[in-house]
Amino acid sequence: MRYWRQRMPKRMSHTSVWAMALLITLLMVLLMALPASAANDVGSTSPVMPPNIVIFFADDLGYGDLGSFGHPYIRTPNIDTLAANGQRWTDFYVAAAVCSPSRAALLTGRLPVRSGLYGNTIRVYFPDEPGGLPQSEVTLAEALKDNGYATGMFGKWHLGDAPHALPTRHGFDEWIGVPYSNDMNWVDEPDFAELVKLSMRGNTAEQAAVYARRGAKYADPKAEHFAAPLMFSRATNNGFVDRVEQPTDQTLLTQRATEAAVDFVQRSADEPFFLYMPYSMPHTPLFRSDAFAGRSLGGRYGDVVEEIDASVGAIHDAIEAAGVLENTLIIFTSDNGPWLFMREEGGVSGLLRDGKGTTFEGGVRVPTVFYWPGTVVPEVVSEIGSAMDLFTTVMALVGDDAASATDALDLSPRLLGEGVSPRNEMPYYRGGSLYAYRKGPWKLHFITEGAYGLPPAKQQHETPQLYHLQRDPAERFDVAAQNPRVVADLQAAVAAHQAAVTIAPPLFDARLAAIAAQMQRQAANPTTPNNDQ
């Protein structure tokens, strides 16, 4: 409860001291003059309600895709207003450069490699995943629910689509959203298991043909190309109620999530609430409602981002109308960098190098805003923070611990203007391998590699590459030769980090063995029906 106290100025003039003493004396006289019942009423005011928590989590939004982060053509006035009246963090990171592990880290406050929520071959979860987020992982929703919060999620999950893995099984009272990326249910195209089999058989020509067809459909997305499911789930006293709408109209995904969120705010304003808004876009294929089609100077991608901005504005207004804005912490960030492979449909990373899938800055440094009127001190913050830290930060504000959030640090002193960010180091993992490490302004690359067939080719550096990110945020100039002591210091920090982390086996890759076993059974018994995925 320490964060809800009223803070006095650090220094007061003699005049102010006498004025305060006089005010206190008058107040005591008034209290003594009141009837006993009235005096008791004054002394028994209800405690301030814990803060509401709202997290907006865009999908594949680049560091340079917002007006407040430098985009000249995409208009994002609502997010920019939050940035101007809150804190805009310039050095904020996710724990992975792709969807599923990044989302797991935000919700658990743990590096994905600790819990196996990563893959070395399969980078994210795909449809019909038998596993999902392990029940042993404690989510922020579960921690807040234990503290009396209403918990609602409206948007993309991507941590398993089996019934036992859905958000309502991990602390959310209600959820409406797509269970994984919006491009994972292709119509008249091979599904995930079939593509894996093509790869295992070495059918490179057929694989190339599939990806060529898909590329054309990404560039000109039509409703008939995809059959994404929209799931509706809620927890009840007797279990769970789930239903699916498939295919869903993707042009309405942002709009429907927004409407559900506004309704949730209106229903939950009398109690503390946690609202998690993980948008399905601007991940491609890009869809937007009619009201935003052709609206942005930034093309279809700009339309989608501007609709997300309007959604943020609508939810902000709903919170304000409910009378709880000054008791609400709002956070806006992204799950990873832009999908540069998609060219004009994929966003930009601003002055940062590369994008989604890589451990260059453009892959894991994301645009981030904290807003809490009257509480968060407005400024631009260039200290290090991570989406993993949100778990511990929120629980500190609530007044509870976050013992399960192994890798999360408490950013609340920095948000409240009472201290600096406790995070001075950041590991950069790709799958289960540590590719790079940051300490202070310095970043050391051990392995560099592009993503999705884009350069650079994978290279393990015998002498690690060193960059000073404040002087060279685009990672252009390797200064390792000039700074051997810095290199040695970072290598020591890496050794300490690795000694403290036990890497679990990759859960995402488990399906490879299952598919291989299925293929072996089919080869041994060609007449056996192919009915096990």
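Everything quoted here is computed from the prediction, not taken from an experiment.

Just checking my understanding: could you explain the overall build of the protein chain for this structure?
When helices and strands are counted, the protein chain shows 15 helices and 14 strands. The long-range share in the protein chain, meaning contacts at least 24 apart out of those at least 6 apart in sequence, stands at 71%. Of the roughly 23,000 Å² of accessible surface on the protein chain, 55% is carried by carbon and sulfur atoms.

Explanation requested: the packing of aromatic side chains in the structure shown.
Pairs of aromatic rings are described using the distance from one ring centre to the other and the angle between the two planes. Going through the model one piece at a time under the given rule, you end up with 20 aromatic pairs. Plain terms: the ring middles of Trp89 and Phe92 are 6.1 Å apart, the flat faces sit at 90° to each other, and that makes the pair edge-to-face. With respect to class, Trp89 is no different from Phe92; both count as buried. Taking the centre distance of 6.3 Å and the plane angle of 85° together, the rings of Phe226 and Phe287 count as edge-to-face. Linking Phe226 in the loop between α8 (204-219) and β5 (230-236) with Phe287 in the loop between β7 (273-278) and α10 (299-321), this pair joins segments that are 61 residues apart in sequence. Pair check on accessibility: Phe226 and Phe287 agree, each one buried. Here the aromatic cluster, defined as three or more aromatic residues joined through ring pairs, consists of Trp186, Tyr218, Phe226, Phe287, Trp339 and Tyr452. Above the plane of the ring of Phe69 lies Arg88, whose end atom (NZ or CZ) is 5.2 Å from the centre. Over the ring of Tyr63 we find Arg365, and its NZ or CZ is 6.0 Å from the ring centre.

How should I be thinking about the sheet that holds strand β1 (residues 52-58) in this particular structure?
Strand pairs in the sheet, formed through backbone hydrogen bonds, run parallel or antiparallel to each other. Reading across from one edge, β6-β5-β4-β3-β7-β1-β8-β9-β2-β10 is the order of the 10 strands in this open sheet, with mixed pairing throughout. Looking at the sheet topology across the chains shown, the edges are occupied by β6 (239-245) and β10 (379-386). Along the sheet, successive strands turn relative to each other by an average axial angle of 15°, direction set aside. Pairing of strand β3 (residues 150-154) with strand β4 (residues 174-177) involves 3 bridges; the strand directions are parallel.

Hey, could you run me through the pattern of salt bridges in this one?
Oppositely charged side chains can pair when the atoms bearing their charge come close. The tally for this structure, following the rule as stated, stands at 29 salt bridges. The partner of Glu345 in a salt bridge is Arg300, and the shortest N-O contact between them spans 3.0 Å. Of the two residues, Glu345 sits in the loop between β8 (328-334) and α11 (361-364) while Arg300 sits in helix α10, which places them 45 residues apart along the sequence. For Arg423, the salt bridge is made with Asp389, and the minimal N-O distance between the two is 2.8 Å. Of this pair, Arg423 sits in the loop between α13 (412-415) and β11 (425-430) while Asp389 sits in helix α12 (residues 389-398), placing them 34 residues apart in sequence. One network of salt bridges, with partners in common, ties together Asp91, Glu361, Arg365, Arg438, Lys443 and Glu475.

Parameters and conventions
- Residues numbered from 1 in each chain as written.
- Predicted model: local features only at pLDDT ≥ 70, side-chain atom pairs only at ≥ 80, totals over all residues.
- Heavy atoms only, no water.
- Helix = DSSP H or I, 4+ residues; strand = E, 2+ residues; numbered from the N terminus.
- Contact = heavy atoms within 4.5 Å.
- Areas by Shrake-Rupley, 256 points an atom, 1.4 Å probe, with all protein chains shown as cover.
- Phe/Tyr/Trp six-rings, centres within 6.5 Å; stacked < 30°, edge-to-face > 60°.
- Buried < 20%, exposed > 50% of the residue type's maximum accessible area, 1.4 Å probe, protein only.
- Lys NZ or Arg CZ within 6 Å of the ring centre and 35° of its normal.
- Pairing = 2+ DSSP bridges.
- Axes fitted to C-alpha atoms, helices over the stretch in contact; angles between N-to-C directions.
- Salt bridge = Lys/Arg side-chain N within 4 Å of Asp/Glu carboxyl O.

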